Structures are given as structure tokens and as C-alpha cells.
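# Coordinate analysis (summary)
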Amino acid sequence: VQSMPELFFLIDENQNFVRWNNIDRELGYSDEEISEMHPLEFFHEKEQSFIISKIYQAFNEGSAEAEVEMQHKDGHLIPYFIRAKRFVRGDEQYIVGSCVNLSDIKEAQFELQQNRQLLDAIINQTEAIIYVKDSEGRNRLVNDSYCKLFNLEREDIVGKSDREVHDEVIADNVEEIDRRVLET
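Right, let's walk through the structure included here. (Residues numbered from 1 in each chain as written. Predicted model: local features only at pLDDT ≥ 70, side-chain atom pairs only at ≥ 80, totals over all residues. Heavy atoms only, no water.)

Applying the stated criterion across every chain yields a total of six aromatic pairs. Ring centres of Phe-17 and Phe-42 lie 5.6 Å apart, and the angle between their planes is 90 degrees; this geometry places the pair in the edge-to-face category. Here the residue Phe-17 occupies a position in strand β2 (residues 17-21), and Phe-42 occupies one in the loop between α2 (31-35) and α3 (45-61), the gap between them amounting to 25 residues. Assigned by exposure class, Phe-17 and Phe-42 land together as buried. Members of the aromatic cluster, connected to one another through ring pairs, are Phe-17, Trp-20, Tyr-29 and Phe-42. (Phe/Tyr/Trp six-rings, centres within 6.5 Å; stacked < 30°, edge-to-face > 60°. Helix = DSSP H or I, 4+ residues; strand = E, 2+ residues; numbered from the N terminus. Buried < 20%, exposed > 50% of the residue type's maximum accessible area, 1.4 Å probe, protein only.)

Printed below as a string of C-alpha cells:
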């Protein structure tokens, strides 16, 4: 259990922790503190009613999952994906679950969004016609100059082939230009 990369927990029907791993390392609480804590104490007040509903869902329906922010002992919030399942042993019910830290994924998503905004700003500042197609010839990206040239909205172009967007003459010309580019 201690070697699992994600957080692991087992709580009983009274919502007491029975077993856990790495919570001390990830969230800053000692094992002694965790043994006396209620699961809600790991969440900001704004998340607690949602967490209660997920605990009841896991006990009543057999499973629950959620993307939430858990609160480190020092107060900062950390994004996690939590998956929980009901576990029955004899007459007793438990919830066994895991929590995957999403910090790296969230940071990568933010960087991707920033890079996309930068790319959009760069390609839309030029008067050159810029477009990107996938391997099946569907437009994946077009700049403002492309839209202006053909008097079309971006959403009418992206995801479609030239033949779906333009008349036959224009589609033939664009496809010829694409063919020449791919040959070089």
C-alpha cells in the first residue's frame, strides 16, 4: 500500500479512516492526525457538501468519482481525481479509494492553453494565409486572413474539407497548392 503512487484510503461506515498511505507525504498531516480526522477535513468548506454526496453515493450505489481540490495542512489546494468503491467484509461496509494528484496535468493544460493563445495571436497578426490540415485533408486551423479572404467564419471551415467549404474551382486550386507543398 505504501508503494502505490497515488493516495489510498479505506474508511468505514462511520467515515473513520481505517487505512491510508502517503497522505502524510502529500498533504502534510501526520499519521496520528489522520487517525483522528474526518475525511471532510481534507477539503475546503466549498467542497464539503459535494464530498458528502460522493461518500453517500459510494456507500449507496457502489462507486463514486470526482475531480476536487484537497487542502494541504498549510492551506493550499491541490487538484485530485478521486475514485471510490464500496467494499463489504462480513456485515461491515467500507469505502476503498484512490486519489491521483492532477497538479502536473493541470500545469501542462495551462501551458498548452498559453501556447495555443500565443500561436493564435501570432498567426492572426499576419496578413499571410495560414491553415493546417489533418492527414485526411480536413482543416484543423485557419487564421483570420484565411477567413477574411473567403468571407467565412472559422467555425464554418474548421473540421471540414475544402470540398465541403468551397466551390469546386476554389477547392481544386487549394488542393493543388496542398499537393505542391506536400511534394516539397
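By the element assignment, Leu-149 lies in helix α5 (residues 144-150). Taking the C-alpha atoms as reference points, Leu-149 and Val-174, 25 residues apart in sequence, are found 13 Å from one another.

With that settled, the discussion passes to the pairing of strand β7 (residues 139-142). Bridge count between strand β6 (residues 131-133) and β7: three bridges; the pairing is antiparallel. Looking across to β7, one finds that Tyr-131 is bridged to Val-142. The loop that links β6 with its antiparallel partner β7 comprises five residues; one of these, Gly-137, has a positive phi angle of about 80 degrees. (Pairing = 2+ DSSP bridges.)

Turning our attention to the environment of Gly-75. Along the chain, Gly-75 turns up in the loop between β3 (63-71) and β4 (77-89). Separated by 48 residues in the primary sequence, Gly-75 and Leu-27 place their C-alpha atoms 9.5 Å from one another.

Attention shifts here to the side chain of Glu-26. Turning to its location among the elements, Glu-26 is positioned in helix α1 (residues 23-27). Of the polar contacts made by the side chain of Glu-26, one reaches the side chain of Tyr-80; its length is 2.5 Å. Within the local environment of Glu-26, its side chain forms a polar contact with the side chain of Asn-101, the two groups lying 3.2 Å apart. The residues contacting Glu-26, other than those within four sequence positions of it, are Leu-7, His-72, Ile-78, Tyr-80 and Asn-101. (Polar contact = N/O pair within 3.5 Å; in protein donor to acceptor, adjacent residues only side chain to side chain. Contact = heavy atoms within 4.5 Å.)

In a regular helix each residue adds 1.5 Å, so 16 residues correspond to 22 Å; helix α7 (residues 168-183) covers 22 Å between its end C-alpha atoms and thus fits that length. For α7, the full list of buried residues reads Ala-171, Val-174 and Asp-178. In a view along the axis of α7, the buried residues occupy a sector of 70 degrees, so they form one face of it. Exposed residues lying more than 90 degrees from the buried face of α7 are Glu-168, Val-169 and Glu-183. Summarising the contacts, the buried residues of α7 are in contact with β6 and α6 (162-165). At the N-terminal end of α7, a side-chain oxygen is found 3.1 Å from the backbone nitrogen of Val-169, two or three residues along, and the residue is Asp-167. (Expected span 1.5 Å × (residues − 1). Arc of directions from axis to C-beta.)

Let us now look at the nonpolar core. Counting residues in each nonpolar core, the largest one holds 27 residues, and the members touching the most others are Leu-27 and Phe-42. Looking at this core, the elements that each hand over two or more residues are β1 (7-12), β2, α1, α3, β3, β4 and β5 (92-101). (Core = buried A, V, L, I, M, F, W, Y, C linked by side-chain atoms within 4.5 Å.)

Looking now at the pattern of salt bridges. Enumeration according to the criterion identifies 16 salt bridges in this entry. Among the salt bridges present, the one from Arg-138 reaches Glu-136, with a minimum N-O distance of 2.5 Å. For Arg-154, the salt bridge identified is with Asp-144, shortest N-O distance 2.6 Å. Here the residue Arg-154 occupies a position in the loop between α5 and α6, and Asp-144 occupies one in helix α5, the gap between them amounting to 10 residues. Assessed through its relative accessible area of 30%, Arg-154 is described here as partly exposed. (Salt bridge = Lys/Arg side-chain N within 4 Å of Asp/Glu carboxyl O.)

Attention shifts here to α3. An α-helix turns once every 3.6 residues. As a result, residues three or four positions apart point the same way. Its 17 residues give α3 an end-to-end C-alpha distance of 25 Å, which sits within 8% of 24 Å, the value for a rise of 1.5 Å per residue. Its buried side turned inward, α3 meets β1, β3, β4 and β5.

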